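Architecture at a glance
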Amino acid sequence: MQDAVVVGAGHNGLVAANVLADAGWSVEVFEADEEPGGAVRSGELIEPGYVNDRFSAFYPLGAASPVFRRLGLEIPWRHAPLVLVHPAEDGSVAVLDRGIAGTTMGRDWPDLLDIWHRIEPAVLRGMTTPFPQLRAGALLALEPSAVRLLRRPRDPLARRLLLGNTLHTDAPPGSLTGHAIGLLLTCFGQTHGYPCVAGGSGRIVELLVERARSRGVELRLGERVERIPTARHAVLFAADAWELGRITGRPARVAPDPATTKVDWTLDGPIPWTVAEARRSCVVHLGAERSFVLFGQYSMADPTRSPAGKETAWAYSHTLPSADAIEAQVERHAPGFGALVRGRRVEQLPPGRINLGTARLDNELFLRGRLGRPETGVPGVYLASASAHPGGGVHGAAGWIAAQAALRAASRRRARGLTSFTISSR
């Protein structure tokens, strides 16, 4: 019998397995797919020589993640000259650059960014600890000027940048939650960029798997779990809340985020954007609230993704209904795009696949999961996926929090003289 079983070999499950193995626990990981990684995978999905990221692709939260740093992962981040751009059909363009001078966030932005730099440690602590977050809250209380960050900017280009970052999720842009999400992604992007990973996002998972196996973690691929596994101390579900509900018999009452259309392309050349700034950024936001497309292009940050002179591209939208509609939106900003397409791959992702639960206020912070904590109400069973706090994004925080909770619970049992706490569905 293993000390712990992790269900799901996505990046959160692999983070949890590594943390538990570092503590000396024996760990077994079950994964229903034939390969690990979940949403963090890459490969030659369309034709040889062109590497696409299967789902997630650009990582401001990953570059900022204290979890990856604590695990000592040397992820080969690659940055474009600009962080992201959001052009409009009138020729104007909003720009996020790691240099303040190149960022179109308005005259107040330098002062606001100074405030952000002072509170970022508290924000990261809040992302990697469960509720109640007393220490993170105390650190934020020491910076009362942080409330200025919640003011909506007057500058139209600044509003456009925040809107695009908000529309990565289903949080309403006009809501406080939507504004906060847009602000966080903008600030993380300004500070850490929107990098991709050299050779493909799957490298993150390869590093986690290599680290875990070197510590004795056993991966069992292609094995779907149909009931709570047997373990000595803890079972961690790095799967969505609905899968956890199916296994435990306690249905999750969580609204999913919207269905999403995801498209990958291989192209015969660089994309002919009408604005020059879009040719210098890996990430391009297109459209407005009802027509938004998140578009990614790799060559200027990672030329290994395609043959010389060619391009590999990626996009998704949870507002436009089809790949054709997404291509039409790109064509408006890059006339001639369609003529460059060599091949494309389309996936219709069902509701809940991007964020593992809505990003609206009723499923955030202490309302996400079980009061913002990884405990599930089933003794010894923890939720370690993006369905738990802090939610979506590739940062490993949900796996980290769940693993720490399991270790703390085992430590408390030892203190009471209980050396074993067997979990079994039998």
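A short tour of the structure in this document, coming up.

1. Focus: helix 4 (residues 109–127)
Relative to the 27 Å expected for 19 residues at 1.5 Å per residue, helix 4 spans just 24 Å between its end C-alpha atoms, considerably shorter than the ideal helical length. Along helix 4, the sharpest kink reaches roughly 45°, centred on Ile119 and followed within four residues by the proline Pro121. Among the structural elements, helix 2 (60–64), helix 3 (66–70), helix 5 (134–141), helix 7 (176–192) and helix 12 (397–415) are those in contact with the buried residues of helix 4.

2. Remarks on the sheet that holds strand 1 (residues 4–7)
Strands sit in the order 9-2-1-10-16 across an open sheet of five strands; the sheet is parallel. Of all the strands in the sheet, the pair left with one neighbour each is strand 9 (218–221) and strand 16 (381–383). Shown here is a sheet whose adjacent strand axes are inclined to one another by a mean of 20°, direction ignored. The sheet contacts of helix 1 (residues 11–22) involve strand 1, strand 2 (27–31), strand 9 and strand 10 (234–237), and relative to strand 2 the element is tilted by about 170°.

3. Notes on the packing of aromatic side chains
Tallied over the entire structure, the rule returns ten aromatic pairs. When the centroid spacing of 5.1 Å and the interplanar angle of 90° are considered together, the rings of Trp116 and Phe188 count as edge-to-face. Here Trp116 is found in helix 4, whereas its partner Phe188 is found in helix 7, with 72 residues between them in sequence. Phe188 sits in the buried class, given a relative accessible area of 1%. Taking the centre distance of 5.3 Å and the plane angle of 90° together, the rings of Trp265 and Phe337 count as edge-to-face. In this pair, Trp265 sits in strand 11 (residues 260–267) while Phe337 sits in helix 11 (residues 337–340), placing the two residues 72 residues apart along the sequence. Overall, Phe337 belongs to the buried group, its relative accessible area being 0%. Site record: aromatic cluster; members linked through ring pairs are Phe58, Tyr298, Trp314 and Tyr316. Sitting over the ring of Tyr298, Arg305 keeps its end group 4.2 Å from the ring centre.

Cut-offs applied
Residues numbered from 1 in each chain as written. Predicted model: local features only at pLDDT ≥ 70, side-chain atom pairs only at ≥ 80, totals over all residues. Heavy atoms only, no water. Helix = DSSP H or I, 4+ residues; strand = E, 2+ residues; numbered from the N terminus. Expected span 1.5 Å × (residues − 1). Bend = angle between axes of the 7 residues up to and from the residue. Contact = heavy atoms within 4.5 Å. Pairing = 2+ DSSP bridges. Axes fitted to C-alpha atoms, helices over the stretch in contact; angles between N-to-C directions. Phe/Tyr/Trp six-rings, centres within 6.5 Å; stacked < 30°, edge-to-face > 60°. Buried < 20%, exposed > 50% of the residue type's maximum accessible area, 1.4 Å probe, protein only. Lys NZ or Arg CZ within 6 Å of the ring centre and 35° of its normal.

By themselves, these observations are geometric and do not establish any function.
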